[in-house]
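Coordinate inspection notes
The residues making up each chain are set out below.
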Amino acid sequence: MTSLRHLYAIPEPWSPAAPPLSQTDHEAVKWLSGELWRLSATLNTVIELVPQVALAAPERPVPGMIRYQIASQWDPVGSGLDQYIQFDGTSWTPV
């Protein structure tokens, strides 16, 4: 499943890991930093998957990504319409 996460935007469930039992300041900071990075990765994936208005192509489109194209700004399907579109891994298609 890990290899698919590099190809597709699949949210990784997050729950906090247990903190170290003997917390020195260094251990606590290291643990908290790691947890914040994991939480950030999860939130960023969810943000990628939320349908949103697009005035330009996303930097890194991933399969399953949905955007609402504003055709006067960006029209990858060539319809001339403002509409929802989905990235299938190679191209954008109307939803």
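Refer to the structure presented above.
What you see is a predicted model, and the numbers here were worked out from it, not measured in a lab. Along each chain, the written sequence defines residue order, and numbers are assigned to residues from 1. Note on the predicted model: pLDDT of at least 70 is required for a residue's local features to be given, and 80 or more for side-chain atom pairs to be given and counted; whole-chain, interface and lining totals, by contrast, use all residues. As a rule here, side-chain values cover all heavy atoms of the structure and leave hydrogens and water aside.

1. As for the overall build of the protein
Secondary structure elements are defined from DSSP: runs of H or I of at least 4 residues count as helices, runs of E of at least 2 residues count as strands, and each element is numbered from the N terminus. The helix and strand inventory of the protein stands at two helices and four strands. For the protein, the succession of helices and strands along the chain, N to C, is α-α-β-β-β-β. Here the globule rule reads 2.2 Å times residues to the power 0.38, and the radius of gyration is calculated from C-alpha atoms. Taken against the 2.2 N^0.38 rule, which gives 12 Å for 95 residues, the C-alpha radius of gyration of the protein at 18 Å runs more than 25% over that of a compact globule. A principal-axis box enclosing the C-alpha atoms of the protein has dimensions of 60 × 25 × 15 Å. Relative accessibility decides the category of a residue: with a 1.4 Å probe and only protein chains considered, values under 20% of the type maximum give buried, values over 50% give exposed, and everything between is partly exposed. A burial count over the protein gives 18% of its 95 residues as buried. Sequence-distant contacts in the protein: of pairs separated by 6 or more residues, those separated by 24 or more amount to 23%. Each accessible area value is a Shrake-Rupley result obtained with a 1.4 Å probe; residue values ignore everything except the protein chains displayed when judging cover. A total accessible area of about 6,700 Å² is found for the protein, and carbon and sulfur atoms account for 62% of it. By definition, residues are in contact when any of their heavy atoms lie within 4.5 Å.

2. Describing the sheet that holds strand 3 (residues 83–87)
Two strands qualify as a pair provided that DSSP identifies no fewer than 2 bridges between them. Taken in spatial order, the four strands make up an open sheet running 1-2-3-4, and their pairing is mixed. Because the sheet does not close on itself, it has two edges, and the strands there are strand 1 (52–54) and strand 4 (92–94). Across the sheet, the mean angle separating the axes of adjacent strands is 45° when strand polarity is ignored. Where strand 2 (residues 66–69) and strand 3 come together, four bridges link them in antiparallel fashion. Across the sheet, residue Arg 67 finds its bridge partner in strand 3, namely Ile 85. Axis angles are defined between N-to-C directions and span 0 to 180 degrees, where every axis is a line fitted to C-alpha atoms and, for a helix, only to the segment in contact.

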